[in-house]
Amino acid sequence: MINQQMTQLGENSSVIRELFEYGKKRKAEIGEDKVYDFSIGNPNVPCPQEITDIMLRLISETEAAALHGYTSAVGDNGTRQAIAAYMNEKYDIGVDFTDIYMTVGAAASLTISLRAITNPGEEVIVFTPYFPEYKVFIENAGAVCVEVPARAGDFQIDFEKLENAFSEKTAAIIVNSPNNPTGAMLTAETLDELAAFLKAKEVQYGKEIYLISDEPYRELVYDGVQLALPVKHYDNTIICYSYSKSLSLPGERIGYIMVSPKMAGRKKVFATICGAGRSLGFVCAPALMQLVVGQAQGLTSDISAYAENRAIIYNALTEYGFEAVKPDGAFYLFVKSPSGDGGEMSERAKQQELLLVPSDSFGMEGYVRISYCVSKKQIEDSLPAFRALAESYGL
Ligand code: PLP
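Scoring rules and cut-offs
Residues numbered from 1 in each chain as written. Predicted model: local features only at pLDDT ≥ 70, side-chain atom pairs only at ≥ 80, totals over all residues. Heavy atoms only, no water. Helix = DSSP H or I, 4+ residues; strand = E, 2+ residues; numbered from the N terminus. Expected span 1.5 Å × (residues − 1). Contact = heavy atoms within 4.5 Å. Buried < 20%, exposed > 50% of the residue type's maximum accessible area, 1.4 Å probe, protein only. 1 Å grid on protein atoms, 1.4 Å probe; cavity = no way out; pocket = protein on both sides within 12 Å on 5 of 7 lines; lining within 4 Å. Points joined across faces, edges and corners; volume = space filled by probe spheres on them. Nonpolar A, V, L, I, M, F, W, Y, C, P; charged D, E, K, R; others polar. Core = buried A, V, L, I, M, F, W, Y, C linked by side-chain atoms within 4.5 Å. Domains from an automatic or database assignment. Near = heavy atom within 4 Å. Polar contact = N/O pair within 3.5 Å; in protein donor to acceptor, adjacent residues only side chain to side chain. Sits in = over half its atoms within 2 Å of the grid points. Pairing = 2+ DSSP bridges. Axes fitted to C-alpha atoms, helices over the stretch in contact; angles between N-to-C directions. Disulfide = S-S within 2.5 Å.

Student: What's the story with helix H5 (residues 77-91) in this structure? I'm lost.
Tutor: Along an α-helix, residues three or four positions apart point the same way, because every turn accommodates 3.6 residues. Here H5 spans 21 Å end to end across 15 residues, near enough to the 21 Å set by a 1.5 Å rise per residue. Buried-residue contacts for H5 involve strand S2 (100-103), strand S7 (237-242), strand S8 (255-259), helix H10 (266-279) and helix H11 (287-294). Looking one or two places after H5, you find Asp92, whose phi comes out positive at around 55 degrees.

Student: Would you explain the environment of Ala276 in this entry?
Tutor: Mapped onto the elements, Ala276 comes out in helix H10. In this structure Ala276 comes out as buried when scored by relative accessible area, which is 5%. Apart from the residues within four sequence positions on either side, Ala276 is in contact with Ile112, Arg115 and Ala116.

Student: It is not clear to me how empty space enclosed by the protein should be interpreted in this structure. Could you clarify?
Tutor: It is the rolling of a water-molecule-sized probe over the atoms that shows where space remains empty. A full pass over the atoms with the stated rule returns three cavities of 30 Å³ or more. Computed from the structure, the largest cavity encloses a volume of approximately 190 Å³. Phe127, Phe155, Asn176, Asn179 and Leu186 are, among the 17 residues lining the largest cavity, the residues nearest its centre. Elements represented by at least two residues in the lining of the largest cavity include exactly strand S3 (123-128) and strand S5 (170-175). Classifying every residue of the lining of the largest cavity gives twelve nonpolar, five polar and no charged.

Student: It is not clear to me how the nonpolar core should be interpreted in this structure. Could you clarify?
Tutor: Nonpolar side chains in soluble globular proteins generally cluster together in the buried interior. Counting 36 residues, the largest nonpolar core has Phe38, Leu356 and Phe386 as the members making the most contacts within it. Structurally, this core is a two-domain feature, drawing no fewer than three residues from each of domain 1 (4-48 + 301-392) and domain 2 (50-294). Each residue touching Phe386, except ones within four places of it in the same chain, is listed here: Phe38, Ile313, Leu317, Tyr320, Phe322, Leu354, Leu356 and Ile370. Counting residues in hydrophobic clusters, the runner-up holds 32 residues, among them Ile54, Leu58, Tyr241 and Ala285.

Student: In this structure, what is going on with the site of the ligand? I would like to understand it.
Tutor: Taken together, 14 residues lie around the ligand, and Ala106, Asp214, Tyr217, Ser242 and Arg253 are the ones closest in. Measuring from an oxygen atom of the ligand, one finds a side-chain N or O atom of Ser242 at 2.6 Å. A distance of 2.8 Å separates an oxygen atom of the ligand from a polar side-chain atom of Lys245. Put simply, the ligand lies in the largest pocket. Of the residues forming the shell around the ligand, the biggest block, three residues, is contributed by helix H6 (residues 105-117). The residue inventory of the shell around the ligand, partitioned by class, reads six nonpolar, five polar and three charged.

Student: Whenever I open this one, the sheet that holds S7 confuses me. Can you help?
Tutor: Backbone hydrogen bonds are what pair the strands of a sheet, in a parallel or an antiparallel way. As summarised here, the arrangement of the seven strands in space is S2-S8-S7-S6-S5-S3-S4, forming an open sheet in which the pairing is mixed. The open sheet has two edge strands with one neighbour each: S2 and strand S4 (144-149). Ignoring which end each strand starts from, the neighbouring axes of this sheet average 25 degrees apart. Pairing analysis gives five bridges linking S7 to S8, with the strands arranged antiparallel. When the sheet's bridge partners are listed, Ile239 is paired in S8 with Met258. Sitting on the sheet, H5 is in contact with S2, S7 and S8, with an inclination near 115 degrees to S2. Here H6 sits on the sheet and contacts S2, S3, S5, strand S6 (210-214), S7 and S8; the angle it forms with S7, its principal contact strand, is near 155 degrees.

Student: It is not clear to me how the state of the cysteines should be interpreted in this structure. Could you clarify?
Tutor: Simply put, disulfide is the name for a covalent bond between the sulfur atoms of two cysteines. Inspection of every chain in the model, using the stated rule, returns zero disulfides. Summary of cysteine pairing: Cys145 is not part of a disulfide, and the nearest cysteine sulfur, belonging to Cys240, is at 15 Å. Owing to a relative accessible area of 14%, Cys145 belongs among the buried residues under this scheme. The thiol of Cys284 is unpaired, and the distance to the nearest cysteine sulfur, on Cys274, comes to 13 Å.

Student: For this particular structure, what's the right way to read the sheet that holds strand S9 (residues 324-325)?
Tutor: Taken in spatial order, the four strands of this open sheet run S9-S10-S13-S12, and their pairing is antiparallel. Each having just a single partner strand, S9 and strand S12 (357-358) make up the two edges of the open sheet. Bridge analysis of S9 against strand S10 (residues 332-336) gives two bridges, and the strand direction is antiparallel. Across the sheet, Ala324 pairs through a bridge with Val335, a residue of S10. Sheet strands in contact with helix H13 (residues 342-350) are S10, S12 and strand S13 (367-371), and its direction is about 50 degrees off that of S13.

See the structure below:
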């Protein structure tokens, strides 16, 4: 018999995808520029010209076997060395290239890591609101997703709620800073408190508790805000990274897993990650893209375009009377629904041809998410529609 759980996943596409599809249909009906689609986190800023140049050079100068052949399962050593050197220079974490496992983007980094560090029936804690695929990936590992609301207002960790949700079954916690969908970032103080909390739990339960740090938005930080890197605060951290957002390469599927060089039993954990990658059928990450990112360390897309979008949309919406979380990073704006119902706001926004994702998709009621990784023109053109939406609420 076919697997019912997979049928359900396949038949019920995410609300984000549904909105995206609705947008395509609506655009065909009334015209591309009449629909303001803020549904999906597909970076609109192109990848840097250097990426195109590196690709062209690699394609013309590299022999086919190195360009298109299998790499070793863990990835190309030159690329892993380049990533380790960059991370050590930038963050001073003392990582060795042998701690890095190349993957097909953050989705694969997460799926593999979760499979590696949990056993069926164990629990993984996520903070709401969160990227909805976490639940899918956690359940794929046979583990249970436990949702803990983030602190109201600033979206830091609510340690009382975390304490209440923690149990002897907890194997790991996922953090995501800058965050999808709020754009909020965890402060160094929060991470210090989390590290102290987790160390105490490790002693209490006599086992390692892993922190998975999902970092696809690590480079997308605004106003000179200092990023606090979880691995600097807690030794049993696994970084799940991706070049999808920082280099605008989501369709190229390239990222990595990095095990903290200070992790207890890190060689064994790394071997387990290799086993999980093998078991899930991730033979190796795309060879050409591995070579590309190996030569692109430190490069990012033009982040200033997102900073500009963020300023325009945040300032306009708050001026119209909406309450929004001012995002420190990523390219999402989380806006409170004046009716208290995110689904209602998303439906009402459709009448103004605005496509906004209701926050219950992220495990939290009462908000909508706006992806502002769109053209500046779309943002500017959409402002009258946002004003009309505000007026419809009497703001
Ligand atoms: N984690 C978060 C928080 C995301 O927002 C996304 C994609 O939007 C991913 C992971 C998956 O990224 P990737 O394209 O690298 O698989």
